Amino acid sequence: MTEVVWQPSCELEQLQQRAKMLTLIRRFFSERDVLEVETPLLSQATGTEPQLDFFSSEYHRHPESQTLFLQTSPEFAMKRLLAAGSGSIYQICKAFRNGESGRFHNPEFTILEWYRVDFNLQKLMNEVAELLSAVLSISSVKKISYSELFFQKTGLNALEYSPKTYQAYALSQNIPDAVTLCEDNHDLWLDFIFSHKIQATLSENSIYLVYGYPASQASLARINIDNPAIADRFEVFVNGIELANGFFELANATEQASRFEQEINFRRENKRPSVVKDSRFLAALNAGLPDCSGVAIGLDSLLMLLTASSTIDDVIAFPVNRA
Amino acid sequence: MARYSTNEFKAGLKIMIDADPCAIIENEFIKPGKGQAFSRVKIRNLKTGRVIERTFKSGESVDGADVVELDMQYLYSDGQFWHFMVPDTFEQYQADENAVIDSMKWLKDQDICTMTLWNDAPLSITPPNFVELTVTDTDPGLKGDTSGGGGKPATLETGAVVRVPLFVQIGELLKIDTRSGEYVSRAKE
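This write-up is about the structure you can find in this document. (Residues numbered from 1 in each chain as written. Chains lettered and ligands numbered in written order. Predicted model: local features only at pLDDT ≥ 70, side-chain atom pairs only at ≥ 80, totals over all residues. Heavy atoms only, no water.)

### Overview of the overall build of chain A
- Within chain A, the secondary structure is distributed over ten helices and eleven strands.
- In terms of overall dimensions, chain A has C-alpha extents of about 60 × 50 × 45 Å along its principal axes.
- When the 323 residues of chain A are sorted by exposure, 50% land in the buried category.
- Within chain A, residue pairs in contact and separated by at least 24 positions form 69% of the contacts whose partners lie at least 6 positions apart.
- Surface summary for chain A: the accessible area is close to 15,300 Å², and the carbon and sulfur share equals 51%.
- Across chain A, the centroid of the 28 positively charged side chains sits 1 Å from that of the 40 negatively charged ones. (Helix = DSSP H or I, 4+ residues; strand = E, 2+ residues; numbered from the N terminus. Buried < 20%, exposed > 50% of the residue type's maximum accessible area, 1.4 Å probe, protein only. Contact = heavy atoms within 4.5 Å. Areas by Shrake-Rupley, 256 points an atom, 1.4 Å probe, with all protein chains shown as cover. Lys, Arg positive; Asp, Glu negative; His and termini not counted. Charge placed at Lys NZ, Arg CZ, Asp CG, Glu CD.)

### Some words on the sheet that holds strand β9 (residues 230-238) of chain A
Residue and element names in this part refer to chain A.
- On the basis of which strands lie adjacent, the open sheet formed by eight strands has the order β1-β5-β6-β11-β10-β9-β8-β7 and mixed pairing. Single-partner strands in this sheet number two, and they are β1 (35-36) and β7 (141-145).
- Pairing analysis gives five bridges linking strand β10 (residues 241-248) to strand β11 (residues 292-298), with the strands arranged antiparallel. For A244, the partnering residue across the bridge sits in β11 and is I297.
- Packing against the sheet, helix α4 (residues 146-154) makes contact with β7 and β8 (207-214), and its axis sits at approximately 90° to β7. (Pairing = 2+ DSSP bridges. Axes fitted to C-alpha atoms, helices over the stretch in contact; angles between N-to-C directions.)

### Notes on the packing of helix α1 (residues 12-31) of chain A against helix α3 (residues 121-136) of chain A
Residue and element names in this part refer to chain A.
- Running from amino to carboxyl end, α1 crosses α3 at an angle of 145°, the nearest separation of the two axes being 10 Å. In this structure, α1 meets α3 at a crossing whose hand is right-handed. Taken together, the residues of α3 that come into contact with α1 (itself represented by M21, L24, I25, F28 and F29) are E127, E130, L131, A134 and V135.
- Within the contact of α1 with α3, the residues separate by chemical class into eight nonpolar, no polar and two charged. (Left-handed = near helix turned anticlockwise from the far one by under 90°. Nonpolar A, V, L, I, M, F, W, Y, C, P; charged D, E, K, R; others polar.)

### Looking at the interface of chain B and chain A
- Between chain B and chain A, the contact holds 17 residues from the first and 25 residues from the second.
- Interface area, chain B with chain A, both sides summed: about 1,800 Å², of which 54% is carbon and sulfur.
- The largest share of the area that chain B buries against chain A comes from F29, K31 and K34 of chain B, three residues that together contribute 39% of it.
- On inspection of chain B and its partner chain A, the count reaches three salt bridges.
- Residue E49 of chain A is joined to K34 of chain B by a salt bridge in which the shortest nitrogen-to-oxygen separation is 3.6 Å.
- At the surface where chain B touches chain A, the tally comes to four residue pairs in polar contact (both at pLDDT 80 or more).
- Secondary structure elements with two or more residues in the side of chain B that touches chain A: β3 (20-30), β4 (38-45) and β5 (51-57) of chain B.
- Among the residues making up the side of chain B that touches chain A, the classes are represented as five nonpolar, four polar and eight charged. (Buried area = accessible area lost by both parts, 1.4 Å probe. Salt bridge = Lys/Arg side-chain N within 4 Å of Asp/Glu carboxyl O. Polar contact = N/O pair within 3.5 Å; in protein donor to acceptor, adjacent residues only side chain to side chain.)

In structure tokens:
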């Protein structure tokens, strides 16, 4: 008989560090009058983003049964609160992404997500840097635009796809498999090069704020008002680890519905599980989302950085293989 | 042969890459926040021994490689092929020079080796971790020197040349670690 592993995979010290980190975060927001909220983990709709795979469950509401999704992020529900006039809010909750498992990923993980009413992207980026500096005791903050960073590290223009130069770069950098894998998909090229060649170089114990993502990777961010080639979206990297993703939030319900539509089509064409548009979220946008910026931080990754851990299993008591 | 999706990738899995059988050494899941997820794997080509890195889109599938490892007894070499036998079934396999290139200098009749087979054809041979081989040639050591310091080269019955202590004489049986290629001790006959 095989031995049953019941013990946690992390040390007690990591649990203490997590508790300390959560206390610090709650104090940070309480000092700034940002309201802590809770939203459902189980919901009748979920995000359409084709790169995110969800868990679903059956709710027995006799005599019928209804599919409920475990949330891949609390975004939609939190925006409904914003539309209802909550003012700035934050939440610390679990999020679930099917199939994501690895050194930096567990399918169930902890998210810190917050929204600041009347903050533009710059202002929110500053606040993110403040919080991370406080948690990680890192004072060096570097802000750089996505395209500038891309050019610095690779010599490539991230905003304009040129098959020849991209392919030549891949061959010269010993990643020839990029050519066959990415074909002529510009976004795939950007994801491939960024994750294989750029991310790891964002080290030196600095908080890197990378902003101005290509418009094709806008997700739920607004397109920049002065430059339609980029979106008002940023990401944060510390010592090669991706920590956070933030937007100047898209508030236009029509544009949001059409982005949903595109993603639903993409899911259909690529035979991914189908989802429906979250009608309650769209109705909230229709009613009016205040101008706001929002960001989500992976707290398990943050704890990995804080404790210099090399795998996520070292900072979670019971990762999926022990859950 | 079965196909494997990237979420089944793990160290030790044998898959086909560029028409060659390979073994996964390491698999890393990479997921840009809002982008495509990848599996970055380090793989060893089982034919050439070379280690390469390869990236797959998450969810992509590849063919498994029909690779098995069997314990076999080494019988003899006829100069062109090296002959092995499965002790239980007496089934015989002949390996060509490519398959034994790294191990031939440690192969001694009767020893049990591990043969890696791909589609039932020998791919490589791993000798036992320790073998006992007779010294066929070495310089005579200085009389009375038993310190073991320094050392000298000695040729063994299989043709392998290893560094041995000065006191070792022609005709002696030595224990050798095949992984490092180093002398361990004198062996009892």
